Amino acid sequence: MPVSRWIYIKRILPIAWPYMLIVSLLVLLQWACLDILSAGRAFVGGESLWSKGQKDAIYFLDRYASTLDEREYQAYLTALAIPQGDERARRALDISEPDLYTAREGLLAGGILPEDIPGMIRLFRNFRHVPFVNRSIELWAQGDDYLAQLQRLAEELHTHANQGDLQAARILQIRTAIQNINKKLTPIEREFSESIAIGLRMTGTWIAIAYLLAAVLLVYLALRRTARFLDQRNQAEEALRASEARFQRAVGGSNDGIWDWDLLTGHAWFSPRFRHLLGVTDEELPNRADAWLARVHPEDKNVILNAHRRHFNDGEPHDIEYRVRTGQAFESAYRWFRVRGRAFFDDAGNPVRMAGSFTDITRAKTAEAALHREKEKAQVTLASIVDAVITTDTVGRVEYMNPAAERMIGIALDKAVHQPLDTLFKAMDPGHENAAVSLLGEIRNYEIAPLERDLNIIRNDGTEISVNRAISPVHDREGRVAGVVLVLHDVTRERQYAASLSWQASHDALTGLVNRREFERRLSGLHARLVQRPGEHALMFLDLDQFKIVNDTCGHAAGDELLRQLSSALQQHLRQSDTLARIGGDEFGVLLENCQVDAALRIGETLRQTVLDFPYSFGNQSFTVGVSIGLVELADASMVPEEALRAADAACYMAKEKGRNRVQRYSPQDSEVSLRHGEMEWVNRLRRALEKNQFRLYAQEVVRLQPGPSARHVEVLLRLAADNGEIIPPMAFIPAAERYGLMPEIDRWVLRNTLETLSARDRAGLEALAVCAINLSGTSIGDEHFLGYALDQITRSGVDASRLCFELTETAAIASLTRATHFMQQLSALGCKFALDDFGAGMSSFGYLKHLPVDYLKIDGGFVKDMLNDPIDRAMVGAINEIGHLMGKKTVAEFVENQAIAEELRRLGVDFGQGYGLAMPEPFRLMQSDLSTDSRAA
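No experiment lies behind these values; they were computed from the predicted model shown.

What counts as what
- Residues numbered from 1 in each chain as written.
- Predicted model: local features only at pLDDT ≥ 70, side-chain atom pairs only at ≥ 80, totals over all residues.
- Heavy atoms only, no water.
- Helix = DSSP H or I, 4+ residues; strand = E, 2+ residues; numbered from the N terminus.
- Rg over C-alpha atoms; globule rule 2.2 N^0.38 Å.
- Buried < 20%, exposed > 50% of the residue type's maximum accessible area, 1.4 Å probe, protein only.
- Contact = heavy atoms within 4.5 Å.
- Areas by Shrake-Rupley, 256 points an atom, 1.4 Å probe, with all protein chains shown as cover.
- Pairing = 2+ DSSP bridges.
- Axes fitted to C-alpha atoms, helices over the stretch in contact; angles between N-to-C directions.
- UniProt positions renumbered as here; feature names shortened; annotations may be inferred.
- Expected span 1.5 Å × (residues − 1).
- Bend = angle between axes of the 7 residues up to and from the residue.
- Polar contact = N/O pair within 3.5 Å; in protein donor to acceptor, adjacent residues only side chain to side chain.
- 1 Å grid on protein atoms, 1.4 Å probe; cavity = no way out; pocket = protein on both sides within 12 Å on 5 of 7 lines; lining within 4 Å.
- Points joined across faces, edges and corners; volume = space filled by probe spheres on them.
- Nonpolar A, V, L, I, M, F, W, Y, C, P; charged D, E, K, R; others polar.
- Parallel < 35°, antiparallel > 145°, perpendicular 65-115°, else oblique.
- Left-handed = near helix turned anticlockwise from the far one by under 90°.
- Phe/Tyr/Trp six-rings, centres within 6.5 Å; stacked < 30°, edge-to-face > 60°.
- Lys NZ or Arg CZ within 6 Å of the ring centre and 35° of its normal.
- Salt bridge = Lys/Arg side-chain N within 4 Å of Asp/Glu carboxyl O.

J.: How would you summarise the overall build of the chain if you had to cite specific residues and measurements?
T.: Scanning the chain from N- to C-terminus turns up 31 helices and 30 strands. What you see for the chain is a C-alpha radius of gyration of 42 Å, clearly larger than the 30 Å of a compact globule of 938 residues, by over 25%. In terms of its C-alpha atoms, the chain occupies a principal-axis envelope of roughly 125 × 95 × 70 Å. Looking at the chain as a whole, 42% of its 938 residues are labelled buried. For the chain, restricting intrachain contacts to residue pairs at least 6 apart in sequence, the fraction spanning at least 24 positions comes to 62%. On the chain, roughly 49700 Å² of surface is accessible, and the fraction owed to carbon and sulfur atoms is 54%.

Okay, here's the thing in C-alpha cells:
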C-alpha cells in the first residue's frame, strides 16, 4: 500500500535536510549578493545625483555672483538640497546609534528611490569598516566639507548682496573660490565611483568562491547520505511489518468500532463493535459506504465531505465529530460519534482506501454543551460589563478578575491570582483626606463593612482612579461563605467632568476670567442687595478698539494671546473685591462694588491707559490697541441688571462714536439719541441689502473624520456684499440684525435662496449634496409664521427634505423650549435634520438635550481649538462626543484649524470636523448667471 503524503514528507526530511540547508545558504548568499550589488548601484546612482546637484549648485551660484538675481540664488539652494540631504543621511548613519528615520529622509531628499534606501543603509552599517566602503565614505565626507565651504561663500555673497555693500573685487574672489572648489570636487567624485566599482568586483569574486565550495560540499553529502539511506530503508520495512501485526491484534481487543472503506468499489467493512455502538444488525447496516452515510445527520454530511477533501488533498488529519442515526436498540435517535481515520494512496497519488475508528461521545458532548452554555453566559456577562469584578477567597487572595478589572488595576489575571488584594493596589478614602483603607480588612469583616463606598485607588504605576466599591459574599452549597465578590465602578471621568463643568460654568476658557453667566449672576446679587439698601457701586463695559486688525493680520492665535495678556494686565489694576469678566469676543465687564462714581471713573481711566500703553508683539508684527469704556453708576435698584448692561453697552457705543479709546459715563439723554441713530443706520443698510439682493451665500465642507460613506456635507454661511464690492463677514452685521429684529427676514432670504440653489444644481446635473446645513436664529424659531413659510418653501422647491439640516444654537433652543420642540418636530416629520450649534458652551446643554430631537451635536469651537494644549478642553470634547453617541447623535467639531486637531478628533471618535484646517468657505452661487456658468463648466 502506498505511503501517505505526510509520512512521506516525515521520512524524507531526515534525508533531505542537509541539502535543503545548503540550498538555503546558497539562496541567502545569492540574496546578499544581489542586495550588495543593488546597494552599490544605488550608491553609484546617488553619487551621480550628488554630482549633478553639486555642479548645478556651482553653476547657479556663479551666475548669482555675476547677476545678483535672487532667482539664481534660489535655484542654487534647490540644487544644493540634493547633496545636503545625502550629507544628513551620512551623518545620521555614521554615529554609534544611527538615526534611521533621519537617514531615510536625507536619502529621499537626495533623490534616492525609496526601494533602494534600505539596501544602502544596510551596506553602510554592516560594511562600514570594509576598506572600499570606508574609503568611499571618507571621500563622501570630503565632498561634504567642500560643499560646506561653498555654502559659506554663498551665504556671504547673499548677505552682502542684500545689504548692498558687495564690491566687485570681492565678487571676483568668491567666483574664483567657487571654481577652485569645483575643481577639487571632480577627482573626489571620480574616486568615489571607482572605489564602489572595485568593491563590487571584489564582492563578486568572493561570492563565486563561496558558490564553488558549497557545490563541492553538496556532492560530498549526496554520496554519504545515499549510502545511509539504503540501510535505513531496510530497517524501516522490517519495523513496518512488526507494526502491522501489532495493529491487527489491537483491533481485536479495541472498545471502539473499526471501519475499512474501499474507495474504488464503495465496499465497506464494519467491526462487530461498530454495529453494536450503533445498535444495528447486519441487515440494517450492509457493508456499503452509502448505507453508513445514509444514517448521518443531514446537517453533518458536508462536514464529512469537507473533512475527506482536506484529508485527501491537503493531508490534514481526519478526526471529526458528527451525529449518526442509531438502530431500534436506541429508538432510532441521533448520537454523537468521534470518527478518526487515515487514507491510503496508489502510486499515482490517488486515494484508494481509508480505515479508522468509531467512538461514541454522546455523553461527553451533552455534558460539554451544558458546561459551555453556563461558562459562556458567565464569561460574556463579566466581559461585557464595564465595571471591574474581582473574586477572592475568605482571606482576600484573588481568584478571578474580569477584563475590566485587569485594565483598571493594570495587572493581568495570571499575575494577580492567589495574591493578596492589598498588594495589587492601594485604596484611599477621599472623604477622610485620602486615609488608607484595607480592602483585606473589609473582606474579612464583610458583615460590618458598608455595602458601597467611594474610594480612590492608586495603582502600582502611581496613577489614581476614583471608584465606587461594592462588596458581596459568595456562599457554597452548605451556605458557608466561600469567598467575596468585589465590584469597582470607575467614576474618575464623572468626577473630573463635574469639576470641569463647575469651573466652565463660571469662567472663560481662554482668559480664565469670570464669564458672562457668572458676571450676570454677581450683578443680579448686587441688585438684590441694592433692593434692601442703596449703595455706591459702578458697572463698566469695555470693548477693545482695533482688535480686529490683530486677528486679520496674524490670525486668531494672535488675538487670543492678546486677550490673555490684557486680562492679566487689567486684573492688576483692580481691587480684590472687584470683578473682571470676559463678556464676549473682545468685550469685558467690570463690577466695582462699594466704589463712588469718581473713583470708578479714575479706575476706568487707569484701565484705558493700561490698554493703550500695553506693548504687544506677535511674530514680526507690533500692535497698539485701545479700549472704549462705558460706565454706569449703580446707586439704587431702579435699574435692573439687564438694563444696566444695556446702558453700559450704550455708553461704550457712545465712546466709540466719539472717537474711541475713552471712558464714557452713561447718560440716558445721550444714549437715546445715539441708540436711535444706530438703529436707523443698521435698519436702512440691512433692508437695502435685502431689496438689492446684496447678501451672498458661502458654503463650507463638513468633513467626515471616521470611516463611512463619502457623501458631501456642507454648511451654508452668510456674507454681505458692500457697495464697493467688499465681502463683509456675518459677525459685522448679525448682532445688529438680531438686536433690531431683522433676523426673520434674513433667515427667509437664506432658506429661499438655498433651496433655489439646491434645485438648480439638481437640474444642472451637478454633484448632489447629501446634507446642507442652514443656520436659524432664535428670533425665527419664535416667529409663529416662520414655520409655515419654511414648510411651504421646502414643498415648492421639490428638494428632498432629508438633505436639509437646520442648525440652532443652544441659547435659541432653550429660550422657548416648547416652541423650539414643536418647530423641530414639524420639520422632522417632513424628513429634515437638526443640529445643535455651539454645544457645550452653556450649563443647560445636557439637561435640555434629552428633550430636543436633534441629529447632530456641534461641539463648541472654544473647546476644540485649544484641545491639544488644554487637557480640560480635550476632556470636554471627549465627554460631549461620548454622551452624544450614547444618545444616538452624530458629533461635529468646529474650529478645526489644523490637521493635528483633526487627528486627535479622529482618535476621540468624533464623526465630523469643520474649520479652516479642513476646508475654507467657498461661494455657494445663487444667481442665475452663476448657475449657468456652473452648468457649462460641469
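That was the structure; now back to the text.
J.: Could you give an account of the sheet that holds strand β14 (residues 579–582), naming the residues involved and the relevant values?
T.: Ordered by their spatial adjacency, 5 strands build an open sheet running β14-β15-β13-β18-β19, and the pairing between neighbours is mixed. Looking at which strands have only one partner, the edges of the open sheet turn out to be β14 and β19 (663–665). Neighbour-to-neighbour, the strand axes of the sheet open up by a mean angle of 20 degrees, direction not taken into account. As defined by bridge partners, strand β13 (residues 537–545) adjoins strand β15 (residues 587–592) across 6 bridges and the pair is classed as antiparallel. Bridging across to β15, Ala538 finds its partner in Leu592. Sheet strands in contact with helix α15 (residues 516–532) are β13, β14, β15 and β18 (626–634), and its direction is about 25 degrees off that of β15. Against the sheet, helix α18 (residues 597–613) makes contact with β13, β15, β18 and β19, and its axis sits at roughly 165 degrees relative to β18, the strand it touches most.

J.: So what about the pairing of strand β24 (residues 771–775)? Which residues, and what values?
T.: Counting buried positions along β24 gives 4 out of 5 residues, so the element sits mostly inside the fold. Looking at chain direction, strand β22 (residues 713–721) and β24 are connected through 4 bridges and run parallel. Each residue of the ladder has a partner; that of Val714, found in β24, is Cys772. Note that β24 and strand β25 (residues 804–809) share 4 bridges and pair parallel. Its bridge partner lying in β25, Asn775 is registered against Glu807.

J.: Give a description of the UniProt feature "domain: GGDEF" (unreviewed entry) in the chain that names residues and reports values.
T.: If you check UniProt for "domain: GGDEF" (unreviewed entry), the listed places come out as residues 535–668 in our numbering. End-to-end, the C-alpha atoms of residues 535–668 are 20 Å apart, and along that stretch the chain is 44% helix and 28% strand.

J.: Residues and numbers for helix α2 (residues 70–93), please.
T.: The end-to-end C-alpha separation of α2 is 34 Å, in line with the 34 Å expected for 24 residues at 1.5 Å each. A bend of about 35 degrees at Ala81 is the largest found in α2, and the proline Pro83 appears one to four places after it. The N-cap of α2, judged by a side-chain oxygen 3.0 Å from the amide nitrogen of Arg71 a few residues on, is Asp69.

J.: Account for empty space enclosed by the protein, naming residues and giving values.
T.: On inspection of all chains with the given rule, the structure shows 5 cavities of 30 Å³ or more. Reported here for the largest cavity is a volume of approximately 170 Å³. Residue assignment for the lining of the largest cavity shows that the elements contributing at least two residues are α1 (5–67), α5 (131–163) and α6 (168–253). Here the lining of the largest cavity gets 4 residues from one element, more than from any other, and that element is α1. Among the residues making up the lining of the largest cavity, the classes are represented as 9 nonpolar, 1 polar and 3 charged. Quantified by volume, the second largest cavity comes out at close to 90 Å³.

J.: I'd like a rundown of unusual backbone geometry, residues and numbers included.
T.: One non-glycine residue, Asn594, lies in the positive phi region at around 55 degrees. By the element assignment, Asn594 lies in the loop between β15 and α18. The class for Asn594 is exposed, based on a relative accessible area of 62%. Positive phi values are uncommon outside glycine, yet Asn693 reaches one of about 60 degrees. For Asn693, the position within the fold is in the loop between α20 (668–691) and β20 (695–701).

J.: Go over the packing of α2 against α5 with me, naming the residues and quoting the values.
T.: A pair of packed helices can be characterised by two numbers: the angle between their axes and the separation between those axes. Relative to each other, α2 and α5 sit at 150 degrees, their axes nearing to 10 Å. Overall, the two elements α2 and α5 adopt an arrangement that is roughly antiparallel. You can see that α2 and α5 cross each other, and the crossing is left-handed. On α5, the residues touching Glu70, Tyr73, Tyr76, Leu77, Leu80, Pro83, Gln84, Asp86, Glu87 and Arg90 of α2 are Ile137, Trp140, Ala141, Asp144, Leu147, Leu150, Gln151, Ala154, Glu155, His158 and Asn162. Here the contact of α2 with α5 is composed, by residue class, of 11 nonpolar, 4 polar and 6 charged.

J.: Give me the lowdown on the packing of aromatic side chains, citing residues and values where you can.
T.: Scanning the model with the defined rule gives 18 aromatic pairs in all. Summarising the aromatic geometry, the rings of Tyr64 and Tyr73 are spaced 5.2 Å apart at their centres and angled 50 degrees between planes, so their arrangement reads as tilted. Both residues of the pair, Tyr64 and Tyr73, count as buried. A ring pair is formed by Phe786 and Phe823, whose centres lie 6.2 Å apart and whose planes are at 25 degrees; its orientation type is stacked. Residue Phe786 is located in helix α24 (residues 786–797), and its partner Phe823 is located in helix α26 (residues 817–830); the two are separated by 37 residues in the primary sequence. Per residue, the accessibility class of Phe786 equals that of Phe823, and both read buried. Three or more aromatic residues joined by ring pairs form one cluster here, namely Trp259, Phe270, Phe274, Trp292, Phe337 and Phe358. Here Arg748 stacks its cationic end above the ring of Tyr789, 5.2 Å away from the centre of that ring.

J.: Residue-level account of the sheet that holds strand β9 (residues 435–437), with values.
T.: Strand order in the open sheet formed by 7 strands is β7-β6-β12-β11-β10-β8-β9, with antiparallel pairing between adjacent strands. In this open sheet, the two edge strands, each paired with only one partner strand, are β7 (398–401) and β9. Between one strand axis and the next, the sheet turns through 40 degrees on average, direction left out of account. In the sheet, strand β8 (residues 426–429) pairs with β9 via 3 bridges, with the strands oriented antiparallel. By the bridge assignment, Met428 is partnered in β9 with Ala436. The sheet contacts of helix α14 (residues 492–506) involve β10 (452–458), β11 (464–475) and β12 (481–490), and relative to β11 the element is tilted by about 145 degrees.

J.: Got a sec to walk through the pairing of β12? Specific residues and values, please.
T.: Inspection of the sheet shows strand β6 (residues 388–392) paired to β12 by 5 bridges, in the antiparallel sense. Within β12, the position partnered with Val389 by the bridge is Val487. As judged from the 9 bridges shared by β11 and β12, these two strands associate in the antiparallel manner. Looking across to β12, one finds that Val467 is bridged to Asp490. Linking two consecutive strands that pair antiparallel, namely β11 and β12, is a turn of 5 residues; a positive phi of about 85 degrees is found at Gly479 within it.

J.: Which residues make up the UniProt feature "domain: PAS" (unreviewed entry) in the chain, and what values do they have?
T.: Using the residue numbers shown here, the UniProt feature "domain: PAS" (unreviewed entry) corresponds to residues 243–315 and 374–430. Span residues 374–430 is 39% helix and 23% strand, its end C-alpha atoms 39 Å apart.

J.: Tell me what's going on with the pattern of salt bridges, and back it up with residues and numbers.
T.: Counted by the stated rule, this structure contains 48 salt bridges. The partner of Arg175 in a salt bridge is Asp62, with the nearest N and O atoms 2.9 Å apart. Of this pair, Arg175 sits in helix α6 while Asp62 sits in helix α1, and the two are 113 residues apart along the sequence. Overall, Arg175 belongs to the partly exposed group, its relative accessible area being 30%.

J.: Can you tell me about the side chain of Asp144, naming the residues and giving the values?
T.: With respect to the secondary-structure elements, Asp144 resides in helix α5. A distance of 2.8 Å separates the side chain of Asp144 from the side chain of Arg90, its partner in a polar contact. For Asp144, the contacting residues outside a window of four places in its chain are Trp50, Pro83, Glu87 and Arg90.

J.: Could you give an account of the packing of α24 against α26, with specific residues and numbers?
T.: In contact at an axis separation of 11 Å, α24 and α26 are set at 10 degrees when each is read in the N-to-C sense. Judged by the angle between their axes, α24 and α26 are roughly parallel. On α26, the residues that touch Phe786, Leu787, Leu791 and Ile794 of α24 are His822, Phe823, Gln826, Leu827 and Leu830. In terms of residue class, the contact of α24 with α26 is built from 7 nonpolar, 2 polar and no charged.

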